[in-house]
Amino acid sequence: QRTIVVNAPAPDFTISATQTSQTVEPGDSATYPITVADSGGSFTSAVTLSVSGLPPGATGTFNPTSVTPGSETGSSTLKVTTAAVAGLVRTNLWPMATPALALLFMLPFRRWRKAWKGKLLLLVAALASLAGAVSLMGCGGGFGLTTSQTYTLTITGISGTDTHSTTVQLTVKQ
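The rules behind the values
- Residues numbered from 1 in each chain as written.
- Predicted model: local features only at pLDDT ≥ 70, side-chain atom pairs only at ≥ 80, totals over all residues.
- Heavy atoms only, no water.
- Helix = DSSP H or I, 4+ residues; strand = E, 2+ residues; numbered from the N terminus.
- Buried < 20%, exposed > 50% of the residue type's maximum accessible area, 1.4 Å probe, protein only.
- Contact = heavy atoms within 4.5 Å.
- Salt bridge = Lys/Arg side-chain N within 4 Å of Asp/Glu carboxyl O.
- Pairing = 2+ DSSP bridges.
- Axes fitted to C-alpha atoms, helices over the stretch in contact; angles between N-to-C directions.
- Polar contact = N/O pair within 3.5 Å; in protein donor to acceptor, adjacent residues only side chain to side chain.
- Phe/Tyr/Trp six-rings, centres within 6.5 Å; stacked < 30°, edge-to-face > 60°.
- Core = buried A, V, L, I, M, F, W, Y, C linked by side-chain atoms within 4.5 Å.

Colleague: Account for the environment of threonine 68, naming residues and giving values.
Modeller: Mapped onto the secondary structure, threonine 68 falls in the loop between strand E6 (66-67) and strand E7 (74-81). Of the residues examined, threonine 68 reaches a relative accessible area of 44% and is grouped as partly exposed. As a C-alpha pair, threonine 68 and phenylalanine 13 span 55 residues in sequence and 9.6 Å in three-dimensional space. Leaving out residues up to four positions away in the same chain, threonine 68 has contacts with Phe43, Thr44, Ser45 and Ala46.

Given below as structure tokens:
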């Protein structure tokens, strides 16, 4: 009589996203196909899906919310709907700031220009005016440039004590 012990790996699952990066406008939605596959044998328990790391005001929903891979792969779709930013209108200060800064820096130097008869002082004043105008870009004034924010979303699958996750990227233009 012989006893043979075989240590076979317990059935487990893996989770992955087939599309890992998307870019959307505020208020739009992005969808990510999610695959849950068994590994180490047929995984016959339901895997519940969740997402974290969403942008502020965004929602993430799965369809379906849980899958059972069995001897094949299970699939779900994550839909992320971003928040609209209609109430956040950024004022473009550039048209108002340029003449104001020019006057601010040029008027005191008008008297000095006659006294010094140098163009170096005017060049310094012009550069200071330009530097002041460019600094407004950091205050939300900008030249109408669009910026974007990238978020790393963590998709987690949980079944009993087994937990696995994957990440995807969502870029929201602003």
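Colleague: Summarise the pattern of salt bridges; cite the residues concerned and give the values.
Modeller: By the definition in use, this model includes one salt bridge. The closest approach of N and O atoms between lysine 173 and glutamate 25, which form a salt bridge, is 3.8 Å. With lysine 173 in strand E9 (residues 162-173) and glutamate 25 in the loop between strand E2 (21-24) and strand E3 (29-39), the pair connects residues that are 148 residues apart, well separated along the chain. Here lysine 173 falls in the partly exposed class, since its relative accessible area comes to 38%.

Colleague: Any details on the sheet that holds strand E1 (residues 12-17)? Residues and values, ideally.
Modeller: With respect to topology, four strands assemble into an open sheet ordered E1-E3-E7-E5, the strand pairing being antiparallel. With partners counted over all chains shown, the strands left at the sheet margins are E1 and strand E5 (59-63), one partner each. Each adjacent strand pair in this sheet contributes to an overall mean axis angle of 25°, direction not counted. Pairing of E5 with E7 involves five bridges; the strand directions are antiparallel. Bridging from a neighbouring strand, threonine 61 pairs with lysine 79 of E7.

Colleague: Outline the side chain of threonine 82, listing residues and values.
Modeller: Among the structural elements, threonine 82 can be located in the loop between E7 and helix H1 (94-116). Engagement of the side chain of threonine 82 in a polar contact is seen with the backbone nitrogen of glycine 27, the distance being 2.9 Å. A polar contact of 2.9 Å, which involves the side chain of threonine 82, links it to the backbone oxygen of aspartate 28. For threonine 82, the residues in contact, after removing those within four places along its chain, are Val24, Glu25, Pro26, Gly27, Asp28, Ala58, Leu170 and Val172.

Colleague: Explain the sheet that holds strand E8 (residues 148-159) to me, and be specific about the residues and the numbers.
Modeller: Spatial strand order, E2-E9-E8-E4-E6: five strands in an open sheet with mixed pairing. Across the chains shown, the open sheet's two edge strands, defined by having one partner strand only, are E2 and E6. Both E8 and E9 contribute to a ladder of twelve bridges, which runs antiparallel. Residue pairing across strands places threonine 156 opposite serine 165, the latter belonging to E9.

Colleague: Mind laying out the packing of aromatic side chains, listing which residues take part and the relevant values?
Modeller: Applying the stated rule across the entire model yields one aromatic pair. Consider the rings of phenylalanine 13 and phenylalanine 43, whose centres lie 5.2 Å apart with planes at 55°: the pair is tilted. A residue pair is termed long-range when its members are at least 10 positions apart, and phenylalanine 13 in strand E1 and phenylalanine 43 in the loop between E3 and strand E4 (47-52) qualify at 30 residues. Given the relative accessible area of 1%, phenylalanine 13 is considered buried.

Colleague: I'd love a proper account of the nonpolar core, names of residues and values included.
Modeller: Counting 23 residues, the largest nonpolar core has Tyr32, Ile34, Leu78, Leu153, Ile155 and Leu170 as the members making the most contacts within it. Per-element tally for this core: the top contributor is E3, with four residues. Not counting chain neighbours up to four residues away, the residues in contact with leucine 153 comprise Tyr32, Val51, Ser52, Gly53, Leu54, Pro55, Val80, Thr166, Thr167, Val168 and Leu170.

In short, the description is geometric, and any link to function would need to be established separately.
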